[in-house]
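Coordinates in review
This is what each chain is made of:
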Amino acid sequence: MKKTIAMTLVLVMALAIVFTGCGQTEEKSDLPKIGIIQYVEHPSLDTIRENIIAELADQGYVDGETATIIYKNGQGDTNNLKTISQSLEAEDCDVIIAIATPAAQAAAKIKDTPIIFAAITD
């Protein structure tokens, strides 16, 4: 009888350790969210985006590790940019980076989120 109780306790403790370890993973939602909106794929704009991501990594914001970087491309359609801006606002991004003037114009309508503009004209 004592042997059965001891075996049951060992099994329960082993299961408790396994399930406790599973519950201690870091939540991705706790990471800072950085949204990037790009107007269209273009070698110059792609280079700007790549350099922004590289500089973020140099500053300690590595996608999937210390930050969540959400990249969306408008494919040259200003209606897409409006929808993308709204979706990034709904995802509660900590900052939004808009690449190209149309992306910046769409992002400018966002309230309460800092916006960084790149590759824009007046």
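Residues numbered from 1 in each chain as written. Predicted model: local features only at pLDDT ≥ 70, side-chain atom pairs only at ≥ 80, totals over all residues. Heavy atoms only, no water.

1. A word on the overall build of the protein chain
Across its full length, the protein chain holds 4 helices and 4 strands. The helix and strand sequence of the protein chain, counted from the amino end, reads α-β-α-β-α-β-α-β. A total of 122 residues make up the protein chain; the buried ones form 29% of that total. The long-range share in the protein chain, meaning contacts at least 24 apart out of those at least 6 apart in sequence, stands at 60%. By element, 58% of the accessible surface of the protein chain is carried by carbon and sulfur atoms, the whole surface being about 8200 Å². (Helix = DSSP H or I, 4+ residues; strand = E, 2+ residues; numbered from the N terminus. Buried < 20%, exposed > 50% of the residue type's maximum accessible area, 1.4 Å probe, protein only. Contact = heavy atoms within 4.5 Å. Areas by Shrake-Rupley, 256 points an atom, 1.4 Å probe, with all protein chains shown as cover.)

2. With respect to the pairing of strand β3 (residues 95-99)
Counting buried positions along β3 gives 5 out of 5 residues, so the element sits mostly inside the fold. Sheet topology note: the strand β1 (residues 33-38)/β3 ladder contains 5 bridges and is parallel. Residue pairing across strands places Ile 36 opposite Ile 97, the latter belonging to β3. The pairing of β3 with strand β4 (residues 115-118) spans 4 bridges and is classified as parallel. Its bridge partner being in β4, Ala 98 is matched across the sheet by Phe 117. A crossover links β3 with its parallel partner β4, the connecting element being helix α4 (residues 101-107), and its sense is right-handed. (Pairing = 2+ DSSP bridges. Right-handed = clockwise from strand over helix to strand, strands pointing away.)

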